[in-house]
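Below, each chain spelled out in residue letters.
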Amino acid sequence: MRQVAVLGATGSIGTSALDVIARHPGRMRASVLAAGRNVQALVRLCRAHRPDHAVIADPALLGELREGLRQAGLATAAHAGDEALQALAGGPACDTVVAAIVGAAGLASTLAAAAAGKRLLLANKESLVLAGELVIQAARASGAQIVPIDSEHSAVFQCMRSRTPEGVRRLVLTASGGPFRGWDRARLAGVTPAQAVAHPKWSMGPKISVDSATLMNKGLEVIEAHHLFDLPGERIDVLVHPQSLVHALVEYVDGSTLAQLGLPDMRTALAVGLGWPERLESGVAGLDLLAHGRLEFEAPDMEAFPCLRLAREALAAGGTATAVLNAANEEAVSAFLQGRIGFLAIPALVEEALAALPPQPAASLEVLLAADAEARRLTRARIDSPSTRIATA
Ligand code: NAD
Ligand code: MG
């Protein structure tokens, strides 16, 4: 019986994971559920899935969680805070961890699961962008198997049957192009948060939806693929594919290209991770190509969407650069969602942070976390200072 910890259980990936887990009651169960601040939603999930442990990130909410579980008549133990989360992710309460917390906040629990040899279903791509080498090293040392939970990386994983074999020439990650595909910069300047989170193909949390709209998501995914599949950035291409049915392609040196196709529903990638190497029912229908008709591909517009370029530059610069990219982006996206800055200020702020904080060798976790903190401080200061206009021209 697989014992699964779902971290970020109340989110888009977390609820999809619980949907797949609940389809296989004889094979797996959710033993740990963790969420950020939404106690009511966490207690509701505990009623449905009856885990052994529930964790809320904010320690101020522990009493409310305990009381909610008691009123529900559940034996689930209540916990709060980062240390409890790491101890549960790395401890005996689970053998499998779905890392689906959003942002750098997911790094510590991702690392704990990797170091403890768990099967790690890794959706939290920011942890790889911030500290990819450390996560991969920890997994290698412990024997943890990482199964990517990102549609493109799951596609690559499936086309290569887990590890990068000899003879791969390049990867191609597809991008839907987001809600603003075909827009120029003048039009993008007036984009609202509500427009940016309305993704045409995928239903996702607000942060990754904005990342998809700026194409930063695809930039983060190039970095993610570099770490997962041990290939340099130059061998990871991006193609816009508006139908979002082909998720990635793997080209081999003999001219053969393998692609993975499927409906845009993350339950497929989650079922791959939960069952691998076996295949499990996920609730996702098969693909009816006749009904869908055309599959189209085009080059990304690097001028209107500079984030993909910035991510590639950060990957090439190495060291702390991708940690700075990620941290500045998280702060900028959060300010955009609060209506404090415009859409074009997101790439502008990321570019400023990268220019202001030249890459240092990423010698340790402390160095990476210091770069993350410094980039956040700098970006917040830029957002807070009304006198200095953020250059978006
Ligand atoms: P979401 O916003 O829907 O959910 C985020 C979850 O993280 C919530 O459960 C929230 O309570 C929890 N959380 C937030 N801060 C926390 C903290 N400090 N401590 C503990 N928990 C915290 O986001 P999502 O769309 O589910 O995305 C989650 C991750 O998966 C992201 O890294 C995203 O890039 C990645 N991802 C998502 C999709 C998708 O289809 N949604 C696809 C690929 C990758
Ligand atoms: Mg993706």
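Note that the coordinates shown come from a computational prediction; the quantities given were computed from them, not determined experimentally. For every chain, the first residue of the written sequence is number 1, and numbering continues from 1 along that sequence. Key to labels: chains lettered from A, ligands numbered from 1, both in the order written. Reporting in this predicted model follows two pLDDT cut-offs: at least 70 for local features of residues, and 80 or more for side-chain atom pairs to be given and counted; totals over whole chains, interfaces and linings ignore these cut-offs and use all residues. Where side-chain values are given, they derive from all heavy atoms of the structure, hydrogens and water being excluded.

A. View of the side chain of Gln-260. Considering the arrangement of structural elements, one finds Gln-260 in strand S11 (residues 257-261). Setting aside residues up to four positions removed in sequence, Gln-260 forms contacts with Ser-151, Ala-155, Gln-158, Cys-159, Leu-245, Val-246, His-247, Ala-248 and Thr-268. Only DSSP runs of H or I covering at least 4 residues are called helices, and only runs of E covering at least 2 are called strands; the numbering of each starts at the N terminus. We call two residues in contact whenever any of their non-hydrogen atoms come within 4.5 Å of each other.

B. Representation of the coordination of the magnesium ion (ligand 2) within the structure. Donor atoms from the polypeptide that bind the magnesium ion (ligand 2) are Asp-150 (OD), Glu-152 (OE) and Glu-221 (OE), placed at 2.1 Å. Atoms of type N, O and S within 2.8 Å of a metal are treated as its donors, and for Na, K and Ca the window is 3.2 Å; water is not considered, so some sites may appear to be missing partners. Look at where the donors of the magnesium ion (ligand 2) fall in the sequence and you get D-x1-E-x68-E. Of this pair, Asp-150 sits in the loop between strand S7 (146-148) and helix H7 (151-160) while Glu-221 sits in helix H11 (residues 216-229), placing them 71 residues apart in sequence. The pair Asp-150 / Glu-221 is uniform in exposure class, with both members buried. Throughout, exposure labels follow a simple rule: accessible area from a 1.4 Å probe, protein chains only, divided by the maximum for the residue type, with under 20% read as buried, over 50% as exposed, and the rest as partly exposed.

C. Quick peek at helix H6 (residues 125-142). One less than the residue count of a helix, multiplied by 1.5 Å, gives the span that helix is expected to have. A rise of 1.5 Å per residue sets the reference length of H6, with its 18 residues, at 26 Å; its end C-alpha atoms lie only 20 Å apart and thus fall more than 12% short of the reference. Ala-131 marks where H6 bends most, by close to 110°. Buried within H6 are the following residues: Lys-125, Glu-126, Ser-127, Leu-128, Val-129, Leu-130, Ala-131, Gly-132, Val-135, Ile-136, Ala-138 and Ala-139. Phi for Gly-143, located one or two positions after H6, is positive at around 85°. To get the bend at any residue, fit one axis to the seven residues that end at it and another to the seven that begin at it, then take the angle between the two axes.

D. Region of interest: the pairing of strand S1 (residues 2-7). Note on pairing: two strands pair once DSSP finds at least 2 bridges between them. Of the pairings in the sheet, the one linking S1 to strand S2 (residues 28-35) comprises 6 bridges and is parallel in character. Note on S2: the bridge partner recorded for Val-6 is Leu-33. Assignment of crossover handedness uses the view with strands pointing away from the viewer, where a clockwise path from the first strand over the helix to the second indicates a right-handed crossover. Handedness of the crossover is the feature at issue here: the chain leaves S1, passes through helix H1 (residues 12-22), returns alongside S2, and the resulting connection is right-handed. Sheet analysis places S1 next to strand S5 (residues 96-99), joined by 4 bridges and oriented parallel. The residue bridging Ala-5 from the neighbouring strand is Val-97, located in S5.

E. Quick peek at the site of ligand 1. Only heavy atoms are used to decide nearness, and a residue is near a molecule or strand if one of them lies within 4 Å of it. Around ligand 1, the surrounding shell holds 24 residues, and the nearest of these are Thr-10, Ser-12, Gly-36, Glu-126 and Gly-205. For the purposes of these results, a polar contact is taken to be a pair of N or O atoms within 3.5 Å, where, inside protein, one atom must be able to donate a hydrogen and its partner to accept one; residues adjacent in sequence count only when each atom of the pair is a side-chain atom. Measuring from an oxygen atom of ligand 1, one finds a side-chain N or O atom of Thr-10 at 2.7 Å. The contact in question runs from an oxygen atom of ligand 1 to an N or O atom on the backbone of Gly-36, over 2.8 Å. Per-residue and other accessible areas follow the Shrake-Rupley method at a 1.4 Å probe size, with only the shown protein chains counted as cover for residues. Across the complex, the protein chains shield 85% of the 820 Å² of accessible surface that ligand 1 would expose by itself. The set of elements that each furnish at least two residues to the shell around ligand 1 consists of H1, H6 and helix H10 (206-214). Asp, Glu, Lys and Arg are counted as charged, while Ala, Val, Leu, Ile, Met, Phe, Trp, Tyr, Cys and Pro are counted as nonpolar; the rest, among them Gly, fall into the polar class. Along the lines of polarity and charge, the residues of the shell around ligand 1 split into 14 nonpolar, 7 polar and 3 charged. Both domains that meet at the shell around ligand 1, namely domain 1 (2-148) and domain 2 (163-262 + 286-307), each give it at least three residues. A domain assignment, automatic or from a database, supplies the domain bounds used here.

F. Summary view of the sheet that holds strand S10 (residues 246-252). Taken in spatial order, the 4 strands line up as S9-S8-S10-S11 in an open sheet, and their pairing is mixed. Sheet topology places strand S9 (236-240) and S11 at the edges, where each strand pairs with a single neighbour. For this sheet, the mean angle separating the axes of adjacent strands, direction not counted, is 20°. Summarising the sheet, S10 and S11 pair through 5 bridges and their orientation is antiparallel. Residue pairing for S11: Val-246 is matched across the bridge by Leu-261. Each axis is a line fitted through C-alpha atoms, taken for helices only over the stretch in contact, and angles between the N-to-C directions span 0 to 180 degrees.

G. Looking closely at the UniProt feature "domain: DXP reductoisomerase C-terminal" (unreviewed entry) in the protein chain. UniProt positions are given in the numbering used here, feature names are shortened, and annotations may be inferred rather than shown by experiment. The sites that UniProt annotates as "domain: DXP reductoisomerase C-terminal" (unreviewed entry) are residues 261-377. Taken end to end, residues 261-377 comprises 56% helix and 1% strand; its first and last C-alpha atoms sit 41 Å apart.

H. Quick look at the sheet that holds S5. Strand order in the open sheet formed by 7 strands is S4-S3-S2-S1-S5-S6-S7, and the pairing between neighbours is parallel. Of all strands in the sheet, those with a lone pairing partner are strand S4 (77-80) and S7, marking the two edges. Along the sheet, successive strands turn relative to each other by an average axial angle of 20°, direction set aside. Pairing analysis gives 4 bridges linking strand S3 (residues 53-56) to S4, with the strands arranged parallel. Bridge pairing in S4 links His-53 to Ala-77. Packing of helix H3 (residues 62-71) onto the sheet brings it into contact with S3 and S4, and relative to S4 it is tilted by some 165°. Against the sheet, helix H12 (residues 267-275) contacts S1, S2, S5, strand S6 (119-122) and S7, and its axis sits at roughly 170° relative to S6.

I. Quick look at the packing of aromatic side chains. We call Phe, Tyr and Trp rings a pair once their centres come within 6.5 Å, taking the six-membered ring for Trp, and we label the pair stacked below 30 degrees between planes, edge-to-face above 60, and tilted otherwise. The tally for this structure, following the rule as stated, stands at 4 aromatic pairs. A ring pair is formed by Phe-336 and Phe-343, whose centres lie 5.6 Å apart and whose planes are at 65°; its orientation type is edge-to-face. Summarising the burial analysis for this pair, Phe-336 and Phe-343 share the class buried. Members of the aromatic cluster, each reached through a chain of ring pairs, are Phe-180, Trp-183, Phe-336 and Phe-343. For a ring to carry a charge above it, either NZ of a lysine or CZ of an arginine must fall within 6 Å of the ring centroid while also lying within 35 degrees of the normal to the ring plane. Its end group placed over the ring of Trp-183, Arg-187 keeps NZ or CZ at 3.8 Å from the ring centre.

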